[in-house]
Structure formats: C-alpha cells, structure tokens
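One letter stands for each residue in the lines below.
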Amino acid sequence: MLASASAARSLLSRTVRRASAMGATRTMASIEPYADYGKGVFTGRVADEYLKKHGSSADILDDPSWTKTHSDTVAKAVLDWAVDRGANTYCHWFQPMAASGVRHGLTGQVQNMMMKFNRSTNDVEFDFDGDMLIKGETDGSSYPNGGLRATHTAGGYLALDTSSPIFLRGDTVFIPSAFVSYYGAALDEKTPLLRSNAAVSKHGKRLMAHLGLDIGDRDVVSNIGLEQEFFLVPRDQYYRRPDLQMAGRTIIGKDAPRGQEMCDHYMAPPSLANPALACMQEMQDECWRIGIPLKTRHREVAPNQYEFAPLYGYNTTQVDQNIMVMQIIEEVAARHGLAALLQEKPFNDVNGSGKHNNWSLATEDGIMMLHPAKINKATGNPAAFAVIMSAIVAAVNEHGDLMRMAIASPGNDFRLGACEAPPAIVSTYLGDDMTFYLSHFKDGKGEGGYEPQTKTLDLGTHEVLPFDVPAEDRNRTSPFPYGGARFEFRAVGSSQNVSMVNTVLNTIVAEKFAEYSDRIDAGEDPHDIARQALNENWKVIFNGDNYDEAVQQELTDRGIWRIDSGVEAIATLTSQKNIDLFQKMKVLTAEECESRQHILHDHYTGTVEIEAKCLIDMINQHIIPSVKAAGVGPLSDLESAVGTLK
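Sequence order as written defines residue numbering, which begins from 1 separately in each chain. Only residues with pLDDT of at least 70 get local features here, since the model is predicted, and only at 80 or more are side-chain atom pairs given and counted; chain-wide, interface and lining totals rely on the full set of residues. The side-chain figures draw on all heavy atoms in the structure; neither hydrogens nor water molecules are used.

## A short note on the environment of K613
Formally: Secondary structure follows DSSP: runs of H or I at least 4 residues long count as helices, runs of E at least 2 residues long count as strands, and numbering of each begins at the N terminus. Burial classes: relative accessible area under 20% of the type maximum marks a residue as buried, over 50% as exposed, and values in between as partly exposed (1.4 Å probe, protein chains only).
With respect to the helices and strands, the residue K613 is situated in helix α21 (residues 590-630). Using a relative accessible area of 49% as the deciding quantity, one classes K613 as partly exposed. Taking the C-alpha atoms as reference, K613 lies 38 Å from Y183; in sequence the two are 430 residues apart.

## Let's talk about unusual backbone geometry
Comment: phi is negative for the bulk of residues other than glycine, and the bulk of peptide bonds are trans. Backbone geometry at N122 places phi at a positive 65°, although glycine is not the residue there. The residue N122 is located in the loop between β3 (115-117) and β4 (124-126) in this model. Judged by relative accessible area, which is 64%, N122 ranks as exposed.

## Quick look at helix α2 (residues 44-52)
Rules: Any two residues whose heavy atoms approach within 4.5 Å are treated as being in contact.
Taken as a whole, α2 has its buried residues at V46, A47, D48, Y50 and L51. Against the buried residues of α2 lie α4 (71-84).

## Notes on empty space enclosed by the protein
Note the cut-off: Lining residues are defined by having an atom within 4 Å of a point belonging to a cavity or pocket. Those points lie on a 1 Å grid over the protein atoms alone, cavities being sets where a 1.4 Å probe fits but cannot get out and pockets being open sets with protein on both sides within 12 Å along at least five of seven lines. Grid points are joined across faces, edges and corners, and a volume is the space filled by probe spheres set on the points. Polarity classes work like this: nonpolar for Ala, Val, Leu, Ile, Met, Phe, Trp, Tyr, Cys and Pro, charged for Asp, Glu, Lys and Arg, and polar for all others, with Gly in that last group.
A complete count under the given rule lists three cavities of 30 Å³ or more for this structure. Lining the largest cavity are V41, S164, P165, F167, P176, I290, I292, T317, D320, Q321 and M324. The element that contributes the greatest number of residues to the lining of the largest cavity is helix α10 (residues 315-335), accounting for four residues. The residue makeup of the lining of the largest cavity, split by class, is seven nonpolar, three polar and one charged. Volume-wise, the second largest cavity comes out at about 70 Å³. Lining the second largest cavity, in full, are L226, Q228, I292, L294, F308, P310, Q318, Q321, N322 and V325. Of all the secondary-structure elements, those providing two or more residues to the lining of the second largest cavity are β9 (220-234), β11 (305-310) and α10. A per-class count over the lining of the second largest cavity returns six nonpolar, four polar and no charged.

## Comments concerning the side chain of H527
As for its placement among the helices and strands, H527 is situated in helix α17 (residues 526-537). Its relative accessible area of 15% is what places H527 among the buried residues. Discounting chain neighbours no more than four positions away, the residues touching H527 are N381, A383, V387, F441 and E447.

## Describing the pairing of strand β10 (residues 294-299)
In plain terms, the rule: At least two DSSP bridges between two strands are required for those strands to pair.
Relative to β11, β10 runs antiparallel, the two being bridged by five bridges. Looking at β11, one finds that R297 is bridged to F308. Count of turn residues in the β10/β11 antiparallel hairpin: five residues, of which N304 carries a positive phi of about 65°.

## Describing the packing of helix α16 (residues 499-521) against α17
Selection criterion: For every element, the axis is a line fit to its C-alpha atoms; helices are fit only across the contacting stretch, and the angle between N-to-C directions ranges from 0 to 180 degrees. Under this scheme an angle from 65 to 115 degrees is roughly perpendicular, one under 35 degrees roughly parallel, and one over 145 degrees roughly antiparallel; angles in between are oblique. Left-handed describes a crossing whose near helix is turned anticlockwise from the far helix through less than a right angle; right-handed describes the clockwise counterpart.
Running from N to C, α16 and α17 cross one another at 135°; their axes reach a closest spacing of 10 Å. One way to sum up the angle between α16 and α17 is to call them oblique. Note that α16 runs across α17; the crossing there is right-handed. Taking contact as the criterion, the partners of Y516, R519 and I520 in α16 are, on α17, P526, I529, A530, Q532 and A533. Residues of the contact of α16 with α17, tallied by class, amount to six nonpolar, one polar and one charged.

Shape descriptors only; they carry no functional weight alone.
Structure, rendered in structure tokens:
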C-alpha cells in the first residue's frame, strides 16, 4: 500500500522493471498495491477465513445473537487473526461523553494482553475467550456522567457492539463497545445512537408498509458519510503557540498578511515541496488497512486546510471510523513534522473546519428512501417520496432546536454564520424543482412522482461537447440542504463525535414516521397527512442566501428555530417537548437528558475556561515581559486585563 510519494515512485519502478524483465506489457489496472486493504478489520473474507478454521463462517456475524451462542468460537478466531497480524493485546473501545477537543482519540480503552502466565510452568499461554470478548468493566465515575455515577456507585459496564466490526491497529485489537451504568443508563455517545437506530427502523418499517412496501425482517438503516476538514501546520511553529497546544486555536495575535482573499487554495494541487501530501497518503494507507474507505482528499479553502471524505456507510460504523480517522490524522501528522488542528476555528478571518454529515435512510438491502425514483418504484406508490419528505420537513421545523443543540460547542459557535459555514438558523434547502413539486403536492395539484430535472450546458466549442448538470444549484449557506438521496447537515463541527447529531436526526424523523403510521392505522389517508404536514411546516423551507442579514431577520420572524448561543441551545435538551420526544422513542430517559445537558454545559464552560487561562498565561509569560523589556506599551492595561480575565 502507498504511504508516500517516494513509495509510489518505488512501486512504479518495480512494476516497470518486472514488466521489462518478462518482456510483457501489463494491459489491465492492478489492485495489487492495495491487497492489504481491510486486512486489519474482522469482517468479510478476513473473518470467514479464521472462523472456518473453527468450524464456522462469517455468516454468524450477521446475527447479533452470536454473542450468546458463538462467542467462544469468534474469540478463538479473533485470537488467531490477531496473532497472525502481530497483535497480542485487546481493548473494549468506547466513546465517553464530552471528549471533543480535549480527549485524544475521543475514546476510552483499557488494553489487556491476550495471554497469561502459567504459575506451575512459568510459561506464557494465550488467554482470550468469549466472555473477555463480549463484555468488560471500568469505573464509570471517572468519566463525565452528569451525576449518573459517583465514587461510591462507580460501576461502568462495556458490551460489544455487533453493528461495528472489530479492528486491529498495531499490536492491539479494538472491540467497539457500548458504555452504560450499573442501571443501564447511557454513559457514552454510542448507546443513544443505537437506540435511535432501533426507533427509526421500527417506525420506518411501519410507514413503508403503509406506503406499499413490507420489508419483513429487514431493517430500515441510517447511512452517513462524513467529510472531515482539518489544518496541517509546521510542528515547530505549533510548539511556539501555547494557545494552539492547550486550546486548539489561536486566541490572540495578528491576522496573517495573506489569507484566502485570493481564492487560491481550494482544490489547488497538493505540493510536493512540503510534507502535506506524503502525510495524507500515509493517513490514507493506515485507514485503508483497517477498512476505512477514505476515497477523497483535497486542499480546502483556507491556507493549510485539507479534507478527507470516505464512502458512506452504516452510521455506527462510520462514526467509529471517523473517530479513528481523527486520531490517525493527529498521530501521522507528527511523523511528518506537522501538527493537525481539528478545532473548528483555529485561525481568525479564514474558513473554519466542519464535518459535513451526509445523512440518508435505506432498507437493509439498499432501497434508498430519499431517492425519489427508487422508493416510488419499490413501493409502487408515486407519492411515497413526497410523504417521506413531508415527514422530514416537519421534523426539522418542530425540532430545529435539537439540531442546533447537537452541534453546540465554543469552536463551532465561532465558525457558524460566515466563511461557508451556515448560520445558527435551522432551515432546509430543497431547491426550486423539489420545492415546486412539493408545493403542487401539498396544494392538491398533482400526485405524480418527482422527476429531478437536468439542464444542458453548451460552451460553444467543438472540443468540449454539451453536457448535462443538475437543475439545482448548490446552497452552501443552508444548514440542512437536500442533495439528492441524502440531506447534508453542513453545520456540524470538525472536532465532534457526531453520534448526538445522528441520534437527533434519527429520533426526530422516527417520531414523525410513528405519528404518520398511528394516524394511518386510525384510518387517515397518508397523502392527506403529508399535505397537512407540508402546509403547517412550509416555513422551514428556504432556498435563498442565509448570509443575508435581512433574510436572517425574515426567517427569525417566521418562527424558524434560531439559537445564536451554544449554551442556550444545549439548555433545550431538557425542555419538556424534547424529554417527551426522547422518552417516547425510547432513546433517552429524562434522567439521561438532564445528565447529558450538565455534561455538555460543563464541556462548553470548561473549554472556554481553558482558553481564558491560556490567554492569562500568554499575557503574563510572554507579552508583559516583552513590554517591560522594551520599555514601551500598555503595561498597566495588560495587568488590568489579567485581573479582569481571572
């Protein structure tokens, strides 16, 4: 696999030499350099090879009940695989709350060796069985828990998550796990997401059946694709900035004389004159080995800003993989003399970094519920897509406060509202064609299927022939635009664990699916329900410029959710409306909502406090001594400012 530009050149040289020696020319592309892709993830052919040695196959992993019936078999296969890959350690890998921006890797883990010492012979023996694989235990009181745990009631329990595959990196096997209290309360990011998956599947299946498609035992699943933005800066310069090291962003200093005003960075060719390209190639190489399909890499808008984007997949797997991508970005950057900055707004007056969360729904076997032609064909119902879209529009209008809560952090509050980040006003962009179609549907002027239009661009040349483009433009100022078979939640911050984001999206849509299904069960017509929902929630659809201040006031006057303060957005988690929602969908209890709100507020204030203390240290240790040494400058003002900050 390719880890650097030199590795690529070396591989090319070897290939050419082999072809010359054999007197033959290779006529087809070879994937040989990528033969190690996914060898570090226990799924598919890798799992099948090792499970067959123990009389089973990878098919058993498709049913979560293997943790009850075949755990010892899987443990033996995992041990064999680990040893063959040079690993001798395992850990239950979980996601504590309030980790963004402060906890390296955003995860918790206790690494245990997969062996023991025979007291009689003093020999080393392998020691890894089904019980060790499927569950673990830790001190729940040592993680942010919002009062759900205490030192005298500290039990925290780990259970293997069958929706996300076991993987291996270095000498360690990582077992994705849920983390809960002695009483089953969620202490992590993953557990509510898993519950929301159950809710959207249950009620999505109900609605699909009413629309004409009974999917039986198959699930409705939530798929996501996460675009990860970040900065790479020289590590020696990073060490000169206490604020970058402690807070992840510059909190004082002069703007750079050259920023992005010339629009010269976006999609520019990665330069071989600096280590950034080789660094990104090595990041991709590490990710590929553990089955993370990082497909796209490119330079972003701001100087030294970059992006990775993977192929989309099941949400829990994608969240787990994104967390590991962030860790790999930070660790590999150091090997190349760089520092990776994942904070949302590390530098003033240039773009911040987001993590666009592309969210969609589909049946387990791939029928895309947000693709108009495919869902209408599968259901045999030309209005199925319109009904589903009406539910999502209603969910966004009613629960925009929760969507804003899910993206609240100090870094993201600095980012939102400019430089290609949407404002904190939660509307949705559908495009003129889609809006026209749904408008006719809600007004009873037509019930046919939606057929996305295209238009032809003719450049007036014979070298470039006319070509088709979508009829809809891109609206990068919208927080939640429809993008053809998916919605893109553009307001998500780059340093986040996006579990809460997707928990909210799943839950608010599941509630609407449940409401529709209940009303249909009671005898109402689904088309009438959808029309009513569109008429009552139409105000949340906006296709214009969200940066226009007059427009922002207009949207605010419409009653669209606008919460400028992240602190106030977090407080909406415990509104009665939202507690009722989460309890009804069996995603969070009232106690879990309250604890999570405390944790998020502590994380927000703790982040700001770190920044303030860092600023005080920089003034005291760097600026005031320089002013005194020079004998010029506002010494008294600086000393007064320190007192104010304290």
